[in-house]
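Residue-level listing of the chains:
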Amino acid sequence: MRRLVVLFLVEILALNSIVEAEDAYKYYTWTVTYGTAAPLDAPQQVILINGQFPGPTLDTVTNDNIVLNLINKLDQPFLLTWNGIKQRKNSWQDGVYGTNCPIPPNSNYTYKFQTKDQIGSYTYFPSTLMHRAAGGFGVLNIYARSVIPVPYAKPDGDFSLLVGDWYKTGHKELAQTLDAGKPLPFPDGILINGRRRSSFSGNQGKTYMFRVSNVGLSTSFNFRIQGHKLKLVEVEGSNVLQNVYDSLDVHVGQSVTLLVVLDQPPKDYYIVASTRFTETVLTATAVLHYANSQSPVSGPVPAGPTATDVPWSVDQARSYRWNLTSNAARPNPQGSFHYGKITPSRTILIANSAPVISGKQRYAVNGVSYINPDTPLKLADHFNIPGVFSINSIQSSPSSGAKIATAVMGASLHEFIEIVFINDEETIQTWHLDGYDFWVVGFGAGQWSKDSRKTYNLEDALTRHTTQVYPKSWTAILVSLDNQGMWNVRSAMWGRQYLGQQFYLRVYNPTPSLANEYDIPSNALLCGKAAGRRHI
């Protein structure tokens, strides 16, 4: 009997230690509404979250558990997606049409996810319709735990900049343009934190962190600060070798983290973002204000690289390097996983195209222009609902012709694969993979071939969640498929995504296990052919 009591006490103590060691929970309630703002001077309808445009900043710490109740007060269904958050074993919370039923008007849904083993600068934004063109986006920062050192001194301040192209036209009208089979027009301007002019203040001699994200719909930009150098320290969760730049290109959907020393005479300086790879150059400016400044910004806005200079941008992209000795979210060095010594199980070639189908502009991947079914793919997969999608409804290499279909590609859990994005168009592309980061190992002009692998960086390529593909060029990535679920592979250029430049990657293991993937949430919204089903 005494032994049983001792064992019982040991079990209680062990349970208490587990409870005490659980990662922190943070609770939020956000309400989505329409409002009026004048980002390009003229009043227009925008999407607000808790009355804010852009939305509230989510400041979190590695492994925090986020419980966020989202109340939709719009007149259309709505979802948020968490750009770059891996949703480990939890594609149920991804917040895109393929995994979640949109939140109906005057209803709510509570997201529950963990910032598991991540650090860095990220964003969130609406994934439904063209809501992203009206706002609803914001900052999501993940700070390192206090027990994990970062490879730079703590900055004296921390600024987040959401930069992106903007339209005076409302989101519903833009959707109507796309539905009519026309591409999006050229944007009307560039915004920094939802404004034409913002200001950031600091003290001379101090160092400040600038987290810069491209939340636009279609346009790359070049970022620079008059008279100041930019030290790159982190890219989408990767600590990098701390190269110093005069300016940086940031493509749609991407985020970079910079350190800037205020080492100039005390005055005000221009912060500049100008469009890249566009015939007409749009420019937005903000102000870097020294606390003891008596002089406003003056002189011409500092020029960036020539707008159409692709080689300049390619060389800069190749200069980004993983800091192999730095810790990231865990104490082990980033370079402890030797990705370049693993032989990929297969190669997937992904080619974007811009076909006209039935007289309307569409965009496609390997000849398939994606269309959303009425039932999220994740629900159809879970409930074994036939007729929603079929595996390998898109091929793993380019094909001629074009068709409209619900494109799903099958993959096995723990595969290690090579993906090559092929861009035969004259415009730059950006690609995003939900639920993952990946090693960007190569950029090249012209056609990719097996010999192109000789140019890959197999030592210290950084990981990120979104990569650019230059005009008439290719980009190669390596991915370890260690996160089971239904994951969206899409163009980050939202008009192209809206008209079909996306597909889903079903990463699957036939043996059900909570070690691989969580169960369907008890509060999951059910719609389409899944409506009325019981959560099993």
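Owing to the predicted nature of the structure, the values given are computational and were not obtained by experimental measurement.

Cut-offs used in this document
- Residues numbered from 1 in each chain as written.
- Predicted model: local features only at pLDDT ≥ 70, side-chain atom pairs only at ≥ 80, totals over all residues.
- Heavy atoms only, no water.
- Helix = DSSP H or I, 4+ residues; strand = E, 2+ residues; numbered from the N terminus.
- Buried < 20%, exposed > 50% of the residue type's maximum accessible area, 1.4 Å probe, protein only.
- Contact = heavy atoms within 4.5 Å.
- Core = buried A, V, L, I, M, F, W, Y, C linked by side-chain atoms within 4.5 Å.
- Polar contact = N/O pair within 3.5 Å; in protein donor to acceptor, adjacent residues only side chain to side chain.
- Pairing = 2+ DSSP bridges.
- Axes fitted to C-alpha atoms, helices over the stretch in contact; angles between N-to-C directions.
- Phe/Tyr/Trp six-rings, centres within 6.5 Å; stacked < 30°, edge-to-face > 60°.
- Lys NZ or Arg CZ within 6 Å of the ring centre and 35° of its normal.

## Some remarks on the side chain of K86
Looking at the secondary structure, you find K86 in the loop between β5 (80-83) and β6 (107-114). With relative accessibility at 13%, the residue K86 sits in the buried group. Not counting residues within four places of it along the chain, the set of residues in contact with K86 comprises D117, Q118, G435, D437, N483 and W487.

## Points about the nonpolar core
Across soluble globular proteins, nonpolar side chains have a tendency to be buried as a group. Among the nonpolar cores identified, the biggest contains 51 residues, and I350, L377, I419, V479, L481 and F503 are the most heavily contacted of them. Among the elements that take part in this core, strand β35 (residues 502-508) stands out by supplying 4 residues, more than any other. Counting residues in each nonpolar core, the second largest holds 48 residues, with V256, A286, L288 and W448 among its members.

## Some points on the environment of R197
Tracing the backbone shows R197 in the loop between β10 (189-192) and β11 (199-202). Given a relative accessible area of 45%, R197 falls into the partly exposed group. Measuring from C-alpha to C-alpha, the distance between R197 and S522 comes to 45 Å, with 325 residues separating the pair along the chain. Among residues more than four places away in sequence, those in contact with R197 are T285, A286 and V287. Engagement of the side chain of R197 in a polar contact is seen with the side chain of T285, the distance being 3.2 Å.

## Side note on the sheet that holds strand β20 (residues 283-290)
Pairing within the open sheet is mixed, and its 5 strands lie in the order β11-β20-β19-β13-β17. Single-partner strands in this sheet number two, and they are β11 and β17 (247-250). Strand-to-strand twist in this sheet, taken as the mean axis angle between neighbours without regard to direction, amounts to 20°. The pairing of β11 with β20 spans 4 bridges and is classified as parallel. Among the inter-strand pairings, S201 is bridged to a residue of β20, identified as H289.

## Quick look at the packing of aromatic side chains
Counting across every chain of the model gives 27 aromatic pairs. Between F125 and W494, the ring centres sit 5.3 Å apart and the planes meet at 85°, which makes this aromatic pair edge-to-face. Of this pair, F125 sits in strand β7 (residues 120-126) while W494 sits in helix α5 (residues 494-498); the two residues are 369 residues apart in sequence, bridging distant segments of the chain. A single burial state applies to F125 and to W494, both of which are buried. These aromatic residues form a ring-pair network of at least three members: Y28, W30, W82, Y109, Y111, F113 and Y124. In this structure, R211 packs its charged tip against the face of Y143, placed 4.8 Å from the ring centre.

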